[in-house]
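Take a look at the letters that make up each chain.
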Amino acid sequence: MAKRQICQSCGMPMKDNAQRGTEKGRGFSDKYCIHCYKEGDFTWKEATVEQMRTYCAGILVDQKHWPAFMARAATKNIPKLERWHANT
């Protein structure tokens, strides 16, 4: 079974190219999702890891109707993702 790829900025699962960000040459990113990365650059450049965790947890609560404690727990590994790990 192939390893499931997740965005190395927000942790979103990327099942196919429709969920992948884009590089400058219009190729798809292997690391980042369409929400975090477009045309070879981050969409929210000034975000901190805590801001990203709060934002992602909010999406899980508002759009997926998760309880807040579960949404926050689901974001606990964001600081370990490549984008944030490189900055620590």
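Position numbers for residues count from 1 along each chain, tracking the sequence in the order it is written. Owing to the predicted nature of the model, reporting of local features is limited to residues with pLDDT of at least 70; listing and counting of side-chain atom pairs is limited to 80 or more, with chain, interface and lining totals taken over all residues. Heavy atoms from the whole structure form the basis of all side-chain values; hydrogens and water molecules are not counted.

A cluster of nonpolar side chains, contributed by W66, F69 and M70, occupies part of the molecular surface with about 340 Å² of accessible area. Assignment of secondary structure puts M70 in helix α2 (residues 68-74). Residues enter a patch when their relative accessible area is above 30% and they make no salt bridge; the linking distance is 9 Å between like charges and 5 Å between nonpolar side chains (Val, Leu, Ile, Met, Phe, Trp, Tyr). With residues, only the protein chains shown are counted as cover, and all accessible areas are computed by Shrake-Rupley using a 1.4 Å probe. Each reported salt bridge corresponds to a side-chain nitrogen of Lys or Arg within 4 Å of a carboxyl oxygen of Asp or Glu. Helix and strand assignments follow DSSP, with helices taken as H or I runs no shorter than four residues and strands as E runs no shorter than two, numbered in order from the N terminus.

Attention now goes to the nonpolar core. To form a nonpolar core, buried Ala, Val, Leu, Ile, Met, Phe, Trp, Tyr and Cys residues must be joined to one another through side-chain atoms within 4.5 Å. Partly exposed describes any residue whose relative accessible area lies between the buried limit of under 20% and the exposed limit of over 50%, with all areas from a 1.4 Å probe on protein chains only and scaled to the type maximum. Formed by 13 residues in total, the largest nonpolar core has its most connected members in C7, C10, C33, C36, M52, I78 and W84. Those elements giving two or more residues to this core turn out to be β2 (28-33) and α1 (49-62).

On to the layout of surface pockets. What the largest pocket holds in volume is close to 730 Å³. In this analysis a 1.4 Å probe is tested at points of a 1 Å grid over the protein atoms alone, and where it fits but cannot get out there is a cavity; an open set with protein on both sides within 12 Å along at least five of seven lines is a pocket; lining residues have an atom within 4 Å of a point. C10, G11, M12, P13 and C56 are the residues nearest the centre of the largest pocket, which is lined by 25 residues in total. No other element matches α1, which puts five residues into the lining of the largest pocket. Nonpolar residues are Ala, Val, Leu, Ile, Met, Phe, Trp, Tyr, Cys and Pro. Charged residues are Asp, Glu, Lys and Arg, and all others, Gly as well, are polar. Partitioning the lining of the largest pocket into residue classes produces 15 nonpolar, six polar and four charged. Grid points are joined across faces, edges and corners, and a volume is the space filled by probe spheres set on the points.

Our focus in this paragraph is the pattern of salt bridges. Under the criterion given, the structure shown has five salt bridges. Across the salt bridge formed by K45 and D41, the nearest N and O atoms sit 3.0 Å from each other. Judged by relative accessible area, which is 54%, K45 ranks as exposed. The partner of E50 in a salt bridge is R72, and the shortest N-O contact between them spans 2.7 Å. Taken together, the residues span a long stretch of sequence, with E50 in helix α1 and R72 in helix α2 at a distance of 22 residues. E50 sits in the partly exposed class, given a relative accessible area of 38%.

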